[in-house]
Amino acid sequence: MATVRLKNIHKEFNGVKILKGIDLDVNDGEFCVFVGPSGCGKSTLLRIISGLEDATSGTIEIGGKDVTKSDPIDRGIAMVFQSYALYPHLTVRDNIGFGLSLAKRPKNEIRERVDAAAKMLQLESLLDRKPKDLSGGQRQRVAIGRAIVREPEVFLFDEPLSNLDAALRSKMRIELTELHATLNATMIYVTHDQIEAMTMADKIVVLNAGHIEQVGTPMELYHHPQTPFVAGFIGSPKMNLFEGAIAKEHNADLYGIRPEHLTLSPKEGKWKGVVKHIEQLGADAIVHIHVESLGMLVVRVDGDFSITAGSTIYATPQEGKEHLF
Amino acid sequence: MKRQQIINGVIALVIGVLIFVTPFIFIGLTAVKSAAEASQLGLSWPSEWLFWDNLVAVIQARNYMLLLAYFNSTVITVGAISLLVISAAMIGYVIQRRPSKWNGFIYALILAGLMIPPAVVPTIWLLKELHLFKTLHGMILIQVAYGLSFSVLLFRSFIASIPRDLDEAAIIDGAKPWQVFFKVILPLLKPVTVTVILVQSVTIFNDFTNPLYYLPGKDNVTVQLTLYNFQSQFSSQMNLLFMNILLVTIPPLIMFIFFNKQIVKGMTAGAVKG
Amino acid sequence: MKSSRSYPYWFILPGGLVYLVLFLVPTVAAFWFSLTHWDLFETRFIGLDNYYQFLREPFLITGVVNTVIFGVLTSIAKSVLGLLLAVLLTSGLLGQSFLRTLIFFPVLVSTIGVGIAFAEIMHPARGMLNIGLSYFGIQGPAWLIDPNLALFSVALVDIWKGVGLATLIYIAGLATISSDYYEAARIDGATKLQMFFRITVPLVRPATVTVVTLSLIGGLRSFDIIWAMTKGGPGFSSDVLASVIYKQYQAGFYGLSTAGNIILFALVAFIVIPLTYWFNRREVDL
Ligand SMILES: Nc1ncnc2c1ncn2[C@@H]1O[C@H](COP(=O)(O)OP(=O)(O)O)[C@@H](O)[C@H]1O
Ligand SMILES: [Mg+2]
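Procedures and definitions
- Residues numbered from 1 in each chain as written.
- Chains lettered and ligands numbered in written order.
- Predicted model: local features only at pLDDT ≥ 70, side-chain atom pairs only at ≥ 80, totals over all residues.
- Heavy atoms only, no water.
- UniProt positions renumbered as here; feature names shortened; annotations may be inferred.
- Helix = DSSP H or I, 4+ residues; strand = E, 2+ residues; numbered from the N terminus.
- Buried < 20%, exposed > 50% of the residue type's maximum accessible area, 1.4 Å probe, protein only.
- Contact = heavy atoms within 4.5 Å.
- Areas by Shrake-Rupley, 256 points an atom, 1.4 Å probe, with all protein chains shown as cover.
- Lys, Arg positive; Asp, Glu negative; His and termini not counted.
- Charge placed at Lys NZ, Arg CZ, Asp CG, Glu CD.
- Buried area = accessible area lost by both parts, 1.4 Å probe.
- Salt bridge = Lys/Arg side-chain N within 4 Å of Asp/Glu carboxyl O.
- Expected span 1.5 Å × (residues − 1).
- Phe/Tyr/Trp six-rings, centres within 6.5 Å; stacked < 30°, edge-to-face > 60°.
- Pairing = 2+ DSSP bridges.
- Polar contact = N/O pair within 3.5 Å; in protein donor to acceptor, adjacent residues only side chain to side chain.
- Nonpolar A, V, L, I, M, F, W, Y, C, P; charged D, E, K, R; others polar.
- Near = heavy atom within 4 Å.
- pLDDT = per-residue confidence, 0-100.
- Axes fitted to C-alpha atoms, helices over the stretch in contact; angles between N-to-C directions.
- Right-handed = clockwise from strand over helix to strand, strands pointing away.
- Patch = residues over 30% accessible without salt bridge, like charges linked within 9 Å, V, L, I, M, F, W, Y side chains within 5 Å.
- Parallel < 35°, antiparallel > 145°, perpendicular 65-115°, else oblique.
- Left-handed = near helix turned anticlockwise from the far one by under 90°.

Where an unreviewed UniProt entry is consulted, chain B appears under the name Carbohydrate ABC transporter permease, with the organism given as Marinomonas arctica. The UniProt entry for chain B carries this comment under Subcellular location (unreviewed entry): "Cell membrane". As stated in UniProt under Sequence similarities (unreviewed entry), the record for chain B gives "Belongs to the binding-protein-dependent transport system permease family."

A. Quick look at the overall build of chain A. Summing up its helical and strand segments, chain A has 9 helices and 18 strands in all. Overall size of chain A, expressed as C-alpha extent along the three principal axes, is 75 × 45 × 35 Å. Within chain A, the proportion of its 325 residues that are buried is 53%. Considering only contacts within chain A whose residues lie at least 6 apart along the sequence, 63% involve residues at least 24 apart. Of the roughly 14800 Å² that chain A leaves accessible, carbon and sulfur atoms contribute 49%. With 37 positive and 42 negative side-chain charges, chain A shows a separation of 5 Å between the mean positions of the two kinds.

B. Structural view of the interface of chain B and chain C. The partner chain C presents 86 residues to the 95 residues of chain B that form the contact. Both faces combined, the contact of chain B with chain C buries some 7800 Å², and carbon together with sulfur accounts for 77% of it. Ranking the residues of chain B by area buried against chain C places B:Phe20, B:Arg98 and B:Met115 at the top, with a combined share of 10%. For the interface between chain B and chain C, the tally reads 0 salt bridges.

C. Just helix α11 (residues 205-220) of chain C, in detail. In this model, α11(C) (16 residues) spans 22 Å end to end at C-alpha, consistent with the 22 Å of a helix rising 1.5 Å per residue. The buried fraction of α11(C) amounts to 14 of the 16 residues, a majority that puts the element mostly inside the structure.

D. Structural context of the UniProt feature "domain: ABC transmembrane type-1" (unreviewed entry) in chain B. Mapped onto this numbering, the UniProt entry gives "domain: ABC transmembrane type-1" (unreviewed entry) at residues 70-259 of chain B. With 80% helix and 0% strand, residues 70-259 of chain B has its two end C-alpha atoms placed 21 Å apart.

E. Up close: the packing of aromatic side chains. Enumeration over the complete set of coordinates arrives at 41 aromatic pairs over all chains. Taken together, a centroid distance of 5.1 Å and an interplanar angle of 50° make the contact between B:Phe256 and C:Phe105 tilted. Remark: C:Phe105 occurs in helix α5 (residues 96-108) and B:Phe256 occurs in helix α13 (residues 238-268); the pair is interchain, linking two chains. Residue classification places B:Phe256 among the buried residues on the basis of a relative accessible area of 7%. Exposure remark for C:Phe105: the relative accessible area of 10% places this residue in the buried category.

F. Main features of the UniProt feature "transmembrane region" (unreviewed entry) in chain B. Residue and element names in this part refer to chain B. Listed under "transmembrane region" (unreviewed entry) in the UniProt record, and renumbered for this structure, are residues 7-32, 70-93, 105-127, 139-159, 180-205 and 240-259. Secondary structure within residues 70-93 divides into 100% helix and 0% strand; the distance between the first and last C-alpha atoms comes to 34 Å. Split by type, residues 139-159 is 100% helix and 0% strand. Its first and last C-alpha atoms lie 29 Å apart.

G. Representation of the sheet that holds strand β5 (residues 65-66) of chain A within the structure. Residues and elements named next belong to chain A. Strand order across the open sheet formed by 4 strands is β2-β1-β4-β5, with antiparallel pairing between neighbours. Each having just a single partner strand, β2 (16-26) and β5 make up the two edges of the open sheet. In this sheet, β2 lies alongside strand β1 (residues 4-13) in antiparallel orientation, the contact comprising 8 bridges. Bridging across to β2, Ile9 finds its partner in Ile22.

H. Structural context of the interface of chain B and chain A. Taken together, the contact pairs 15 residues of chain B with 20 residues of chain A. Note on chain B versus chain A: buried area summed over both sides is about 1600 Å², and carbon and sulfur give 66% of it. Contact with chain A buries surface across chain B, with B:Glu168, B:Ile172 and B:Asp173 losing the most and accounting together for 42% of the total. At the surface where chain B touches chain A, the tally comes to 2 salt bridges. At the junction of chain B with chain A, the criterion picks out 8 residue pairs in polar contact (both at pLDDT 80 or more). By residue number, the principal contributor to the side of chain B that touches chain A is helix α8 (residues 164-172) of chain B, which donates 7 residues. Considered class by class, the residues forming the side of chain B that touches chain A number 9 nonpolar, 2 polar and 4 charged.

I. Fine view of the site of ligand 1. Residues and elements named next belong to chain A. Residues in contact with ligand 1, as listed here, are Phe13, Ile18, Ser38, Gly39, Cys40, Gly41, Lys42, Ser43 and Thr44. One of the side-chain nitrogen or oxygen atoms of Thr44 is found 2.5 Å away from an oxygen atom of ligand 1. Coverage of ligand 1 by the protein chains reaches 58% of its 560 Å² of free accessible surface. At 3 residues, the largest contribution of residues to the shell around ligand 1 is made by helix α1 (residues 42-50).

J. Structural context of the confidence of the model for chain B. All names here are of chain B. Mean pLDDT for chain B: 87, with 97% of residues reaching 70 or above. No element of chain B has a lower mean pLDDT than helix α3 (residues 35-38), which averages 75, and none a higher one than helix α9 (residues 177-188), which averages 94. The complex prediction reports pTM at 0.88, with the ipTM value standing at 0.88.

K. Structural view of the sheet that holds strand β16 (residues 295-302) of chain A. Residue and element names in this part refer to chain A. Pairing in this open sheet of 5 strands is antiparallel, and the strands run β13-β17-β14-β15-β16 from one edge to the other. Looking at strand neighbours, the two that pair on one side only are β13 (262-265) and β16, the edges of this open sheet. Put simply, the sheet's adjacent strands are angled 45° from each other on average, direction ignored. Here 4 bridges tie strand β14 (residues 271-280) to strand β17 (residues 312-317), and the two strands are oriented antiparallel to one another. Looking at the pairing, Gly273 lines up with Ile313 of β17.

L. The arrangement of the side chain of C:Ser238 in detail. Residues and elements named next belong to chain C. For Ser238, the location among the structural elements is in the loop between α12 (224-229) and α13 (241-250). At 2.7 Å, the side chain of Ser238 forms a polar contact with the side chain of Thr230. Not counting residues up to four positions away in its chain, the partners in contact with Ser238 are Asn66, Ala150, Leu151, Ile226, Thr230, Gly232 and Gly233.

M. The pairing of strand β7 (residues 154-158) of chain A, seen in detail. Residue and element names in this part refer to chain A. Most of β7 is tucked away, with 5 of its 5 residues classed as buried. Of the two faces of β7, the one holding Val154, Leu156 and Asp158 and the one holding Phe155 and Phe157 are both buried throughout. Strand direction decides the pairing type here: strand β6 (residues 77-80) and β7, joined by 4 bridges, are parallel. Directly across from Ile77, in β7, lies its bridge partner Val154. Handedness of the crossover is the feature at issue here: the chain leaves β7, passes through helix α5 (residues 166-183), returns alongside strand β8 (residues 186-191), and the resulting connection is right-handed.

N. Examining a nonpolar patch on the surface more closely. All names here are of chain B. On the surface, Ile250, Leu253, Ile254, Ile257, Phe258 and Phe259 cluster together into a nonpolar patch covering about 560 Å² of accessible area. Relative to the helices and strands, Ile250 resides in helix α13. Assessed through its relative accessible area of 36%, Ile250 is described here as partly exposed.

O. Geometry of the environment of A:Lys248. Residue and element names in this part refer to chain A. Examined against the element boundaries, Lys248 turns out to sit in helix α9 (residues 245-249). For Lys248, a relative accessible area of 63% puts it in the exposed group. Along the primary structure Lys248 and Gly36 are separated by 212 residues, whereas in three dimensions their C-alpha atoms are 29 Å apart.

P. Summary view of the pairing of strand β9 (residues 203-208) of chain A. Residue and element names in this part refer to chain A. Extensive coverage of β9 is indicated by the burial of 6 of its 6 residues. Alternating positions in β9 separate into two faces, Lys203, Val205 and Leu207 on one and Ile204, Val206 and Asn208 on the other, with burial throughout. In this sheet, β9 lies alongside strand β3 (residues 31-35) in parallel orientation, the contact comprising 4 bridges. Paired with Phe34 across the two strands is Val205, which belongs to β9.

Q. Structural view of the packing of α8(B) against α9(B). Residue and element names in this part refer to chain B. Where α8 meets α9, the closest approach of the two axes is 10 Å, and the angle between their N-to-C directions is 150°. The orientation of α8 with respect to α9, classified from their angle, is roughly antiparallel. Once α8 is placed against α9, the crossing between them reads as right-handed. The residues of α9 that touch α8, namely those facing Leu166, Asp167, Ala170 and Ile171, are Val180, Val184, Ile185 and Leu188. In terms of residue class, the contact of α8 with α9 is made up of 7 nonpolar, no polar and 1 charged.

Here is the structure:
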């Protein structure tokens, strides 16, 4: 368990600036999620923390110790890769115990620690198999087991769930959250999926094009996005964002309202529009409305709300839920 | 299978057997004939089968030279291949994993090894300077040098298919670079290693030119050199010469029977991507 | 952790050192030695004299010309026959996998053994080949005895031994051509012959590059087969550079032998490098 502190991290690849001055504090025991569109530099930042990549400039402290120049093994970290990176020629037991055997731990200690990790992840019955004989979800657990067994101070995850199907992914989200509660370790988790960020994080770091847009708890980001990028990125469906007259009306450059913060009425309301398209999801429905003065407006309504494409409708933003930039 | 295909197949089989099998039947028959009959050179059935007599005579010739030759060829082949596999895998690994401005240059050197005929006399001069001329270990190192390019290319293209994540996972697990290679990468190279072993062992075992230049003298005779030596000695005993050819053909035949697929894969590697 | 630390260059050292000392150094040294009069007793700089000698002495010139003939002829024959055999042996013929095995086996057999055996098979009077031909009423030539024929006879055996490899490379190449092309062509009404020239030949090009390059490099450097069958004879009629190099070495003319070696590199380089360049330039993008 340890804090992670990044100071003014810059990274260039062949003269191309990928990270442009990252300052960040991750607290002890925190579940911190880096989220951002793909290619924004999340993995690069994580790899710099892990020591797989050197920063061009800036410093990294883990547990109060400057580790900028340290090898990965001396940083007290463990990492779970998107591809799992299990050693194909080793059994599950040897995969999990690989780091310990490199560290020349006694045989029986390795066995006990591997057994304990396997128990926590319900892998006991699979210990003698090779990775190719495991399902995607099981491989994922082995990869996590390999991290747990080393008892690192900081866990690093690089999009660990992106190779799983939707059902397994939501199950693993819960398991990882529970694991975090059990181990109470600092975890840094990279994803491009804002749902993962919202559901798992204590702290979300939104990255965009190599810099931090905003840091905060999930609800802070939802209610108080500080930039249009964060406003558009967090929340699904995306927030409606409009320039022009409506923004001027509020003395701003950009006016935003979330789809769930609009009320529809067949008779009256602030904006009159024509229903173009309805995505029925059951519990709720996403309605796309063309409003003359704004353009396309997306509204989330109750699934039972009766509405037909082509009909005229009125939309009204809820009081105090508007965002101005 | 259509009727036409069957007919064509039979015709092709007959022609194929005629062209590609008769020479081996000729070798086999001549090897078991008497000297007088063998000198007729025909495909006729031997009037008496002298398989054992001829075998023993060939083995005993020149003070059991053939046995010594088998021993030497085995030492050279096994020694060269062990060194070749380890050193070529290490080179293939580094140049695949570590792109740098040197890579073009290294690649050119590798291709040079595939293309340029070795400069024999200067090599002999150098081997003499290093006291490696006429020694088995000198021959082993020569075979390593000459087989390196091909092996490195095979290893390099196989290593490209191993995800880098594995190296990084091992580094995170605390592996030193040599541990990443020997504990994680090398065990995964088994299929391509088998290919390299098979192709190179056929090449090295069958090599005639290099032992001719670098291993003169009868103490270091190799299997292929015995053929050449016996060619003049046995000119009146064709049966023994052909028995020798038969014996020399056996090791590749065994390899062929057991590992045909892998050998074919290794020798045709690169055909697809060009 | 930079790649310099994860993938240290010393990994190249063991193999690289052997390669440097036993291959690269002699290759570079050869340029110097080729400019010397070098025998058992002395090494004396004589400039380009060795090369002049190669251009003057008819038997040395024959060696150069024969090398080109042998290399080009065997390479073309192996590619053409290899492609035809590959097409035949992927057409669903009865016993095609057995035939593939059959024609590949000679590739693995000792060249010297094959050479010695064929020298007897090609015996003008008693040899199996001419006896076989006589059944068809053909009077076979004096394969290895006739100076005008010896080189071509050896080339024939080299093709016999090597065509199996070419065939297998082509079979691997044919396997990469999607059957969609053939089906589309059939719908367009193409004949078998049109399909072969319009689809197979262009699309199997990477295999052609491999076969031509490999057999050309091998053919230009050929030594074993020639030495086992004719030793360059009769006279110098089937001498190639590789056999000239050996003969001059045996005779103690080390400088001349090395000049032959340099001429052989040059020949290989001047033929193979432009060829590869030309092949790559005309690469079809699929
Ligand atoms: N080793 C590298 N060399 C050159 N460019 C790289 C390298 N690694 C990543 N990049 C570039 O850096 C940018 C950020 O990559 P990455 O951190 O993997 O993004 P993310 O994980 O957010 O999708 C991308 O544009 C990528 O192409
Ligand atoms: Mg990434």
